[in-house]
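Spelled out, the chains give:
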Amino acid sequence: MLTIASPTFLPPTPGAPAALELVAQPLTREAFAAFGDVIESAHSRSMPINGGMTTRFHDLARVDPGPGDSRVLVNIFETLPYALPLPVNMLERHPLGSQAFVPMDGSRFLVVVAPAGDAVRIEDIRAFVTNGRQGVNYARGVWHHPLVVTQQRASFVVIDRGGAGPNCDEIFLPPVCAVRVSLAA
Ligand SMILES: NC(=O)N[C@@H](O)C(=O)O
Ligand code: NI
């Protein structure tokens with residue numbers, strides 16, 4: 001793979017599809033492992049606390065505030081729904097820190113990602129859909145589409161990195177390649 005000074009999409013490799021229709025797959029820890037963490041109680045290590053009144057699902061994501069004098073930010077994103085199929089015109093990454101999204105209202109959301117690195121191949125894009133009881137934590141530098149819900153307005157707790165320095169790179173798909181994401185029928 002070429003090393004590119006500024007991040008960009010590589011043109012489709014010879015023989016690669018000129019258009020990619022992705023059907024979002026159910027999000028699982030295993031399938032998402034290359035991109036970060038799935039934040040969910042299912043299949044998670046837990047222990048009773050508070051005299052048994054509470055269950056702690058422990059250490060679900062690696063929050064990475066990156067180098068230097070950065071710090072962890074806790075935010076709320078209120079977002080409007082997109083129509084489907086979702087045209088993927090761009091992806092972004094946060095080179096200085098991780099970014100986590102946890103729905104406050106049980107909303108399902110689309111997770112469109114590509115592996116970290118300065119060269120992104122269209123065919124490496126993956127699409128997932130959450131089950132309403134899951135959040136995600138994008139590891140530092142992982143390419144992802146900005147937050148996408150498809151049913152109704154939704155609110156998320158977002159945990160990411162605050163501090164000096166540019167922390168959002170964007171890359172845009174070449175016009176020759178159309179990527180769209182839909183949900184399974
Ligand atoms: N811009 C911003 O903070 N949001 C994006 O990073 C996103 O992933 O939604
Ligand atoms: Ni982001």
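Residues numbered from 1 in each chain as written. Chains lettered and ligands numbered in written order. Predicted model: local features only at pLDDT ≥ 70, side-chain atom pairs only at ≥ 80, totals over all residues. Heavy atoms only, no water.

Under an unreviewed UniProt entry, the name given to the protein is Ureidoglycolate lyase, and the organism recorded is Acidovorax cavernicola. For the protein, the Cofactor (unreviewed entry) comment in UniProt is given as "Ni(2+)". Looking at the Catalytic activity (unreviewed entry) heading of the UniProt record, one finds this comment for the protein: "(S)-ureidoglycolate = urea + glyoxylate". (UniProt positions renumbered as here; feature names shortened; annotations may be inferred.)

A. Examining the coordination of the nickel ion (ligand 2) more closely. Distances from the nickel ion (ligand 2) to its protein donors, namely Glu-92 (OE), His-94 (NE2), Gln-99 (OE1) and His-144 (NE2), fall within the range 2.1 to 2.2 Å. Coordination geometry of the nickel ion (ligand 2): the 6 donor atoms subtend angles of 74 to 171 degrees at the metal centre, consistent with an arrangement described as octahedral. Donor residues binding the nickel ion (ligand 2) come from one chain and are separated in sequence as E-x1-H-x4-Q-x44-H. On the accessibility criterion, Glu-92 (10% relative accessible area) is buried. When its relative accessible area of 9% is taken as the criterion, His-94 is described as buried. (Donors = N, O, S within 2.8 Å, 3.2 Å for Na, K, Ca; no water. Tetrahedral: all angles 85-135°; square planar, octahedral: opposite > 155°, others 65-115°. Buried < 20%, exposed > 50% of the residue type's maximum accessible area, 1.4 Å probe, protein only.)

B. Here's a closer look at the site of ligand 1. Every residue near ligand 1 is listed here: Phe-77, Glu-92, His-94, Gln-99, Phe-101, His-144, Pro-146 and Leu-147. In this structure, an oxygen atom belonging to ligand 1 sits 3.1 Å away from a main-chain N or O atom of Leu-147. Relative to its unbound accessible surface of 270 Å², ligand 1 loses 71% to contact with the protein. In the shell around ligand 1, the residues fall into 4 nonpolar, 3 polar and 1 charged. (Near = heavy atom within 4 Å. Polar contact = N/O pair within 3.5 Å; in protein donor to acceptor, adjacent residues only side chain to side chain. Areas by Shrake-Rupley, 256 points an atom, 1.4 Å probe, with all protein chains shown as cover. Nonpolar A, V, L, I, M, F, W, Y, C, P; charged D, E, K, R; others polar.)

C. Broad picture of the nonpolar core. Within the largest apolar cluster, 22 residues are counted, with the highest numbers of intra-cluster contacts made by Leu-91, Ile-125, Val-179 and Val-181. Elements that contribute at least two residues to this core include exactly β2 (19–23), β11 (110–114), β13 (126–129) and β18 (178–182). With 3 residues, the top contributor of residues to this core is β11. Ignoring anything within four residues of it in the chain, the contact list for Ile-125 reads Phe-9, Leu-22, Leu-91, Val-112, Val-113, Ala-114 and Val-179. (Core = buried A, V, L, I, M, F, W, Y, C linked by side-chain atoms within 4.5 Å. Helix = DSSP H or I, 4+ residues; strand = E, 2+ residues; numbered from the N terminus. Contact = heavy atoms within 4.5 Å.)

D. Highlighting the pattern of salt bridges. Evaluated as defined, the whole model comprises 6 salt bridges. Arg-153 is the salt-bridge partner of Glu-78, the closest N and O atoms lying 3.6 Å from each other. Of this pair, Glu-78 sits in strand β7 (residues 71–79) while Arg-153 sits in the loop between β15 (143–144) and β16 (154–162), and the two are 75 residues apart along the sequence. By the burial criterion, Glu-78 is exposed, and Arg-153 matches it. In this structure, Arg-93 engages Asp-169 in a salt bridge whose closest nitrogen and oxygen atoms are separated by 2.7 Å. Note that Arg-93 is positioned in strand β9 (residues 90–93) and Asp-169 in strand β17 (residues 169–172), a separation of 76 residues in sequence. By relative accessible area, Arg-93 is classed as buried at 10%. Asp-169 gets classed as partly exposed once you look at its relative accessible area, which sits at 21%. One network of salt bridges, in which partners are shared, links Arg-93, Asp-118 and Asp-169. (Salt bridge = Lys/Arg side-chain N within 4 Å of Asp/Glu carboxyl O.)

E. Structural context of the sheet that holds β7. Taken in spatial order, the 5 strands of this open sheet run β4-β14-β10-β16-β7, and their pairing is antiparallel. Here the strands that pair on one side only, and so sit at the sheet edges, are β4 (36–39) and β7. Shown here is a sheet whose adjacent strand axes are inclined to one another by a mean of 15 degrees, direction ignored. Strand direction decides the pairing type here: strand β10 (residues 99–103) and strand β14 (residues 135–138), joined by 3 bridges, are antiparallel. When the sheet's bridge partners are listed, Phe-101 is paired in β14 with Val-136. (Pairing = 2+ DSSP bridges. Axes fitted to C-alpha atoms, helices over the stretch in contact; angles between N-to-C directions.)

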